[in-house]
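Letter by letter, the chains look like this.
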Amino acid sequence: MLALSAARPRVHLTLPTYNEAENLEAFVRAVLPPLRAGAPGGFGIVVVDDASPDGTGEIADRLAAEIDELEVVHRPGKDGLGAAYLAGFRHALDSGADLIMVMDSDFSHDPAYVPAMLAAAEHADLVLGSRYVKGGGVRDWPPVRRVLSRGGGLYSRLVLGTSVRDMTGGFRCIRREVLEGIEPSTLRAQGYVFNIELTYRAIRGGWRVAEVPIVFRDRQRGTSKMSLPIAIEALWLVPRLRREFRAGPRPGSARAAQPVAAPPDE
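Conventions used here
Residues numbered from 1 in each chain as written. Predicted model: local features only at pLDDT ≥ 70, side-chain atom pairs only at ≥ 80, totals over all residues. Heavy atoms only, no water. Salt bridge = Lys/Arg side-chain N within 4 Å of Asp/Glu carboxyl O. Helix = DSSP H or I, 4+ residues; strand = E, 2+ residues; numbered from the N terminus. Buried < 20%, exposed > 50% of the residue type's maximum accessible area, 1.4 Å probe, protein only. Phe/Tyr/Trp six-rings, centres within 6.5 Å; stacked < 30°, edge-to-face > 60°. pLDDT = per-residue confidence, 0-100. Contact = heavy atoms within 4.5 Å.

Novice: Is there a simple way to explain the pattern of salt bridges in this structure?
Specialist: Side-chain pairs of opposite charge can arise whenever the charged atoms involved come near each other. Evaluated as defined, the whole model comprises eleven salt bridges. Arg 62 is paired through a salt bridge with Glu 25; the nearest N and O atoms lie 2.7 Å apart. Pair noted here: Arg 62 is in helix α2 (residues 56-66) and Glu 25 is in helix α1 (residues 24-38), with a separation of 37 residues, a long-range link. The partly exposed category is assigned to Arg 62, whose relative accessible area is 43%. Residues participating in the shared-partner salt-bridge network are Glu 25, Arg 29, Arg 62 and Glu 66.

Novice: When you look at the packing of aromatic side chains in this model, what are you seeing that I'm missing?
Specialist: Counting across every chain of the model gives five aromatic pairs. Residues Tyr 85 and Phe 89 carry aromatic rings whose centres are separated by 6.2 Å and whose planes lie at 10° to one another, so their mutual orientation is stacked. One end of the pair, Tyr 85, and the other, Phe 89, are both in helix α3 (residues 81-94), four residues apart, so they sit about a helical turn from each other. We note that Tyr 85, like Phe 89, is buried.

Novice: How should the confidence of the model for the chain be read in this particular structure?
Specialist: Caution is warranted with low-pLDDT regions, since their predicted coordinates should not be read in detail. A residue-level look at the chain finds 81% of positions with pLDDT of 70 or above and a mean pLDDT of 85. A low-confidence stretch, residues 1-6 stays under pLDDT 50, and its non-local contacts, those more than four residues away or across chains, total 16 contacts. The low-confidence segment residues 259-266 (pLDDT under 50) makes 14 contacts with residues lying over four places distant or belonging to another chain.

See below:
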């Protein structure tokens, strides 16, 4: 695919939020040092808040008044995770970002992995924080959720015929060329399946995908946004994606996901 630019890339971190008042400020302050260390070309953070009734948006505004790199996008209501991602992507591209990173703001995604994700992006177009490659893992999940997560991942791999181990994870780093190439506005999934669709379309478009091992820790504060409708969405959307791309990628374009070594402290 495209050769990586010799210039230092500008990084843009998107944080979609809904009722994260208990986590947001601590997370933003924790992610600032690794961003400063891992993004010498500069960075920005945008909080995309869906009119959280618990005051998350007001906390974000207060932080933005203090932190030059932080901006806030206020949306009129809760309209799905996929739509929040799209709002963040649009803002990042309009702001001139070269790399767009997405994380959860509840500490499920450890800010300490940010430098490893950015380092992997020097050789890949889409970097996934992966729970299911060597060195990765999950902490504090009940057995049922573990089974559902692994089962959903296996289902996606089998139906879509891909070697990517963690299709659903929300910790990822994307080159702007990938987003421009797949036209995010055409992505249809509105729940966590959004991540499956984005990853699959990137693979079929010939973009290089890498997985960085991460340890995912369940949130300690606030309420999970996972729901039964999100799981049901996967059952019908994943086979639909497969049918739409049945013709296959253009010759020589598809590449298998490449695992990336774990950070030294893992």
